[in-house]
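Residue-level structure breakdown
One letter stands for each residue in the lines below.
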Amino acid sequence: MRTIAMTAVMLLFTAHIACAQSGGDGKNSVKEEDSQALADRIVDSKTPVFVDFWAVWCGACRMLEPTLADLKTEYKDRIEFVRVDVDKHRGLTQYFGVTAMPTIFVIEDKTVRSSFMGVREKQTYRDAIDKALTMHKERGTKKE
């Protein structure tokens, strides 16, 4: 299991994002949600985060979309879902070390609790989400 110190993420993203978004031609194009906003959603989330690294051209990513839509409905309001287009958010993609699509990370308390490359069965994702939710709940009761 890989642990990520998410506080360092913010510093690294600043450098990577500026380079990735400029595309080398000096023009910053406005994205639906920029890389910094995605990073903020991951870091600032009060719930576990399900991060999906995908690409428009990725056939396996398209195969996974119905499963992710079901999970999003099933876990609505209990977990944050973040989709990262690897072509638009190269800094985030590079930081997380994503080399294949789809790649999924389940993050709880700024720590990667599970990660998956490729398409898995829906139950595999459910198990990872449930584990993160249990850890989150336990952490919350300890703070009180």
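Residues numbered from 1 in each chain as written. Predicted model: local features only at pLDDT ≥ 70, side-chain atom pairs only at ≥ 80, totals over all residues. Heavy atoms only, no water.

1. Examining the confidence of the model for the chain
- Averaged over every residue, the pLDDT of the chain is 82; residues scoring 70 or more account for 76%.
- Summarising per-element confidence for the chain, the mean pLDDT is lowest in helix α1 (residues 6-22) (38) and highest in strand β1 (residues 49-54) (98).
- The low-confidence segment residues 1-31 (pLDDT under 50) makes 47 contacts with residues lying over four places distant or belonging to another chain. (pLDDT = per-residue confidence, 0-100. Helix = DSSP H or I, 4+ residues; strand = E, 2+ residues; numbered from the N terminus. Contact = heavy atoms within 4.5 Å.)

2. With respect to the packing of aromatic side chains
- Under the counting rule described, the total for this entry stands at seven aromatic pairs.
- Ring centres 5.3 Å apart and planes at 50 degrees place the aromatic pair F53 and F96 in the tilted group. Here F96 lies in the loop between α4 (90-95) and β3 (103-108) and F53 lies in strand β1, a separation of 43 residues in the sequence. Grouping residues by exposure puts F53 and F96 together as buried.
- A centroid spacing of 5.7 Å and a plane angle of 85 degrees characterise the contact between F53 and F105, whose relative ring orientation is edge-to-face. (Phe/Tyr/Trp six-rings, centres within 6.5 Å; stacked < 30°, edge-to-face > 60°. Buried < 20%, exposed > 50% of the residue type's maximum accessible area, 1.4 Å probe, protein only.)

3. Re the pattern of salt bridges
- Inspection of every chain in the model, using the stated rule, returns nine salt bridges.
- With its nearest N and O atoms 2.8 Å apart, the salt bridge here joins E80 to R41. Remark: R41 occurs in helix α2 (residues 35-44) and E80 occurs in strand β2 (residues 80-85); sequence separation between them is 39 residues.
- Using a relative accessible area of 26% as the deciding quantity, one classes R41 as partly exposed.
- With a shortest N-O distance of 3.7 Å, E65 and R83 are connected by a salt bridge. Taken together, the residues E65 in helix α3 (residues 59-74) and R83 in strand β2 connect sequence positions 18 residues apart.
- When its relative accessible area of 34% is taken as the criterion, E65 is described as partly exposed.
- The network of salt bridges with common partners includes E108, D109, R113 and R139. (Salt bridge = Lys/Arg side-chain N within 4 Å of Asp/Glu carboxyl O.)

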